[in-house]
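Working through the structure, step by step
Residues per chain are reported as follows:
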Amino acid sequence: MPSIRSLVGLLALFPIVSPYSTLSDDTLKSLPGPGDDFNIHSGALLSPILRTRVSGTPGSTAVLNHFVDFFRTQLPNWTLEFQNSTSTTPTSHGAQIPFVNLIATRDPPGTQPGEIGHLSLVAHYDSKLTPPGFIGATDSAAPCAMLMHAARSLEQALQKKWEAMAAEGTLELEEQKGVQIILLDGEEAFLSWTDTDSLYGARALAESWEHTVHSAMSTYRTPLDSISLFLLLDLLGAKNPTVPSYFKTTHWAYKNMAALETRLRDLKQFKSSPNSLKNLEKHANKPRKEPLFLVDAEKAENRFLSWMVQDDHIPFMARGVEVLHIIPTPFPRVWHEMDDDGDHLDLDTVEDWAKLVTAFAGEWMELEGYFDTTKSKSREEGNAKNANDKKKRKIISKTEL
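Residues numbered from 1 in each chain as written. Predicted model: local features only at pLDDT ≥ 70, side-chain atom pairs only at ≥ 80, totals over all residues. Heavy atoms only, no water.

Side note on the nonpolar core
Note the cut-off: Joining through side-chain atoms within 4.5 Å is the link that ties buried Ala, Val, Leu, Ile, Met, Phe, Trp, Tyr and Cys residues into a set, and such a set is a nonpolar core. Only protein chains enter the accessibility calculation, which uses a 1.4 Å probe; a residue is then buried when its area is under 20% of its type maximum, exposed when over 50%, and partly exposed in between. Helix and strand assignments follow DSSP, with helices taken as H or I runs no shorter than four residues and strands as E runs no shorter than two, numbered in order from the N terminus.
The biggest cluster of nonpolar side chains holds 74 residues, and the ones touching the most others in it are Leu294, Ile326 and Phe360. Element by element, the count of residues in this core is highest for helix H4 (residues 137-168), at 15 residues. Membership of the second largest hydrophobic core comes to 21 residues, among which are Ala202, Trp209, Tyr246 and Val323.

Structure below.
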């Protein structure tokens, strides 16, 4: 029989993971929107990405600088890491093309690499070489902006939570979770999709992290091991998407996100919903059938797909990382077409995805009670007062008649 000391030593090898916790209705209603930051012409988050950004070109560098400036000026507590690689491509005539992945990480204060498991939120930022001038708004400028918005929305709650835990002396004992934003370069094929002409940045990062070893007593042996969930967004921003649950091992995470979607719709927090307050007014307040982005929450255990969509998750999944792939099937009509641009985004849908991803990350990081809900309550009180005033005006007008 092992001694108590040996059992304690064995337990120390495993992460202390707090249970997944849901967000309250008040918190869901208080999640910040992007305001004008998703404006396709002047929005601080989205508009700088809506340009050609083929890997190795000045456009790619400009967009990377946009990401770096955002984190350094607005989220200085996030740690930035660049992972660089080069490769020839079928169109480079033997020249080495540079690929730069950006990883922004927010871990509890005082922790060391290898101690923390990460929710990794991922999108690629490069655009396709052809057709010339291709923007790739859904593929994947809008997903990148969604992740930037999510990071900014989480920051204050994360800081508030960790400060409270530090004051209670429970931070080191309980908090073993952090968040990563991974912005990948070189997802697109230069000529035609093959195992070697695609996923340049993802392949380089997965290989690098597989062979980067943390200190001997770390909870997680490599950065790859520390990814608790690889949540990949792609081809998002078109109207009425349907996203299947692709993998049985992460169906539990898909169901959690689907439950959040349903709650946000019920709370009238989805702008693209036909039953949002704005859209109900257009249809004389007659409720309409509610569509879903995440359509497979009730999928049976034996009904998972025998295929998967080729994307940036593949090099990570091949190394044992758990993946939740958020990509529509069928693809948007504009996929790899010139009209996959800002004008063809459905901005209500873009904002809804941003809110859903933020809510999912908020639940993963157990941030209930740490978001500012006072603005939501003020809005509700204002809406109730306006509704009451309208009711009074209607009563007065009937009396006068």
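Next comes the rest of the description.
Some remarks on the pairing of strand E6 (residues 323-326)
Selection criterion: A pair of strands is treated as paired once DSSP finds two or more bridges between them.
Residues Val323 and His325 of E6 are buried on one face, and the alternating residues Leu324 and Ile326, pointing to the opposite face, are buried as well. Pairing between strand E5 (residues 227-233) and E6: four bridges, direction parallel. Across the sheet, residue leucine 232 finds its bridge partner in E6, namely histidine 325.

Considering the packing of H4 against helix H10 (residues 347-364)
This is how the line gets drawn: Helix axes are fitted to C-alpha atoms over the stretch in contact, other axes to C-alpha atoms as well, and angles between N-to-C directions run from 0 to 180 degrees. Each angle is binned into one of four classes, with values under 35 degrees roughly parallel, values over 145 roughly antiparallel, values of 65 to 115 roughly perpendicular, and all other values oblique. In this scheme, a crossing is called left-handed if the near helix is turned counterclockwise away from the far one by less than a right angle; it is called right-handed if the turn is clockwise. The contact criterion used throughout is that any non-hydrogen atoms of two residues lie within 4.5 Å. Amino acids outside the nonpolar list (Ala, Val, Leu, Ile, Met, Phe, Trp, Tyr, Cys, Pro) and the charged list (Asp, Glu, Lys, Arg) are all regarded as polar, and Gly is one of them.
Packing of H4 against H10 leaves a shortest axis separation of 9 Å and a crossing angle of 45°. Regarding the angle of H4 to H10, the classification is oblique. Note that H4 runs across H10; the crossing there is right-handed. Residues Ala142, Met146, Leu147, His149, Ala150, Ser153 and Leu154 of H4 form the contact with H10, whose own contacting residues are Val350, Trp353, Ala354, Val357, Thr358, Ala361 and Gly362. Here the residues of the contact of H4 with H10 are counted per class, giving 10 nonpolar, four polar and no charged.

Digging into the confidence of the model for the protein
Test applied: Each residue carries a pLDDT score, the predictor's own confidence in it, on a scale running from 0 to 100.
Averaged over the protein, the pLDDT score is 89; the fraction of residues at 70 or greater is 86%. Below pLDDT 50 for its whole length, residues 1-18 participates in 11 contacts with residues either more than four positions away or in separate chains.

Focus on the packing of aromatic side chains
Short version of the rule: Centre distance within 6.5 Å is the pairing criterion for rings of Phe, Tyr and Trp, where only the six-membered ring of Trp is used; planes under 30 degrees apart are then read as stacked, over 60 as edge-to-face, and the remainder as tilted. A ring has a charge above it when a Lys NZ or an Arg CZ is no more than 6 Å from the ring centre and no more than 35 degrees off the ring normal.
A full pass over the atoms with the stated rule returns 13 aromatic pairs. Where phenylalanine 331 meets tryptophan 335, the ring centres are 5.0 Å apart and the plane angle is 65°; that geometry is what we call edge-to-face. By relative accessible area, phenylalanine 331 is classed as partly exposed at 29%. Three or more aromatic residues joined by ring pairs form one cluster here, namely Phe70, Phe71 and Trp78. Directly above the aromatic system of tyrosine 200 lies the positively charged group of arginine 203, at a separation of 5.1 Å from the ring centroid. Above the ring of phenylalanine 304, the side-chain terminus of lysine 299 is found at 4.8 Å from the ring centroid.

Focus: unusual backbone geometry
Negative phi values dominate among residues other than glycine, just as trans dominates among peptide bonds. Put simply, threonine 130 and proline 131 share a cis peptide bond, and its omega is -5°. Along the polypeptide, proline 131 turns up in the loop between strand E3 (117-124) and H4. Residues threonine 329 and proline 330 are joined by a peptide bond in cis, for which omega reads 0°. Within the element layout of this structure, proline 330 appears in the loop between E6 and H10. One non-glycine residue, histidine 93, adopts positive backbone phi at about 55°. Within the secondary structure layout, histidine 93 lies in the loop between strand E1 (79-87) and strand E2 (97-106). We classify histidine 93 as exposed; its relative accessible area is 79%. Phi is positive for histidine 336, which is not a glycine, with a value near 60°.

Observations regarding the environment of threonine 222
By the element assignment, threonine 222 lies in the loop between helix H6 (200-210) and E5. Residues threonine 222 and tryptophan 209, 13 residues apart in the sequence, show an inter-C-alpha distance of 6.4 Å. Not counting chain neighbours up to four residues away, the residues in contact with threonine 222 comprise Trp209, Glu210, Thr212, Val213 and His214.

Describing the pattern of salt bridges
Our working rule: Each reported salt bridge corresponds to a side-chain nitrogen of Lys or Arg within 4 Å of a carboxyl oxygen of Asp or Glu.
Tallied over the entire structure, the rule returns 12 salt bridges. Here aspartate 25 makes a salt bridge to arginine 263, at a shortest N to O gap of 2.7 Å. Taken together, the positions of aspartate 25 in helix H2 (residues 25-30) and arginine 263 in helix H7 (residues 251-266) put the pair 238 residues apart, joining distant regions of the chain. For aspartate 25, a relative accessible area of 38% puts it in the partly exposed group. The partner of glutamate 363 in a salt bridge is arginine 263, and the shortest N-O contact between them spans 3.9 Å.

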